Amino acid sequence: MTKLLARTRLALRRVLVADDDDAARRLLCTLLDLREFGLLEATDGAAAVELARAERPDLVILDLPATSGGMTGIATCRAIRADAELTATKIVIISEHDRPGDRVAAHAAGADAYLAKPYSPLALLDHVQRLTRR
C-alpha cells in the first residue's frame, strides 16, 4: 500500500524525502526539520512521484534502492525528470554503497547530487542548501 505523509508548515523551501526505511526517512526529516524546511514524506518511489507532481517540492531526496512499490530510486528519478512540470525540482540520491556504477546511473537519470552512506549530515545539508538556493 502506498503511503503518503505530509507536514504542513509555511516554509521557503520544501523537500520531499522518499525512503522505504522508516528509521532512515525519519532521521533525514529530523535533520532537515531542524533547518526549518517544509517536509513531505513518501515511503516508496510511486508515492514520491505522485507527491512530487501534486506538491512541486524544491528538492527530492531519494534512497537509491527504494524498491518498495516497484520503483527503484533511479526509476523514481527518471519519472520525476520526465515530468515537464518538475524540471526545476532538484534531486539528491542517497545510496547504501559508493559504487561507481551507482553514481554514474544516478547522474545519468538526472540526479543533481549523489551521497553514499555513511554520509556526513553536514555534506547533506550543504547539498540541500546549495540546491534549494533561490
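Anything mentioned here points back to the structure above.
Every value quoted in this text rests on a predicted model; they were computed, and no experiment measured them. (Residues numbered from 1 in each chain as written. Predicted model: local features only at pLDDT ≥ 70, side-chain atom pairs only at ≥ 80, totals over all residues. Heavy atoms only, no water.)

Could you clarify how one ought to interpret the overall build of the chain in this entry?
Per the secondary structure count, the chain includes 5 helices and 6 strands. Burial analysis of the chain (134 residues in total) assigns 48% to the buried set. Residue pairs at least 24 apart in sequence account for 61% of intrachain contacts in the chain once pairs closer than 6 positions are excluded. (Helix = DSSP H or I, 4+ residues; strand = E, 2+ residues; numbered from the N terminus. Buried < 20%, exposed > 50% of the residue type's maximum accessible area, 1.4 Å probe, protein only. Contact = heavy atoms within 4.5 Å.)

In this structure, what is going on with the side chain of Thr 76? I would like to understand it.
Within the secondary structure, Thr 76 is located in helix 3 (residues 73-82). In this view, Thr 76 contacts Gly 45, Ala 48, Val 49, Leu 62 and Met 71; residues no more than four positions away in its chain are not counted.

Mind showing me how you'd approach the pairing of strand 2 (residues 14-18) here?
Working note: regular strand, side chains alternate between the two faces of the sheet. In terms of burial, strand 2 is largely enclosed, as 4 of its 5 residues are buried. One ladder, built from 5 bridges, connects strand 2 with strand 3 (residues 38-42); its direction is parallel. Considered in strand 3, the bridge of Val 17 is made with Glu 41. Read from strand 2 through helix 1 (residues 22-33) to strand 3, the crossover connection turns out right-handed. In terms of strand pairing, strand 2 meets strand 4 (residues 59-63) through 4 bridges, oriented parallel. If you follow Leu 16 over to strand 4, its bridge partner there is Val 60. (Pairing = 2+ DSSP bridges. Right-handed = clockwise from strand over helix to strand, strands pointing away.)

Looking at this structure, I do not really get the side chain of Asp 63. What am I missing?
Examined against the element boundaries, Asp 63 turns out to sit in strand 4. Once you skip the residues sitting within four places of it in the chain, Asp 63 turns out to touch Ala 18, Asp 19, Asp 20, Gly 73, Ile 94 and Lys 117.

Explain the pattern of salt bridges to me, please; I cannot follow it from the model alone.
Pairing is possible between side chains that carry opposite charge, provided their charged atoms lie close to one another. For the structure on display, the rule yields 9 salt bridges. We note a salt bridge from Glu 41 to Arg 25, for which the minimum N-O separation is 3.0 Å. Here Arg 25 lies in helix 1 and Glu 41 lies in strand 3, a separation of 16 residues in the sequence. Take Glu 41: its relative accessible area is 5%, and that puts it in the buried class. For Glu 85, the salt bridge is made with Arg 56, and the minimal N-O distance between the two is 2.7 Å. Taken together, the positions of Glu 85 in the loop between helix 3 and strand 5 (90-95) and Arg 56 in the loop between helix 2 (45-55) and strand 4 put the pair 29 residues apart, joining distant regions of the chain. (Salt bridge = Lys/Arg side-chain N within 4 Å of Asp/Glu carboxyl O.)

These values are about where atoms sit, not about what they do.
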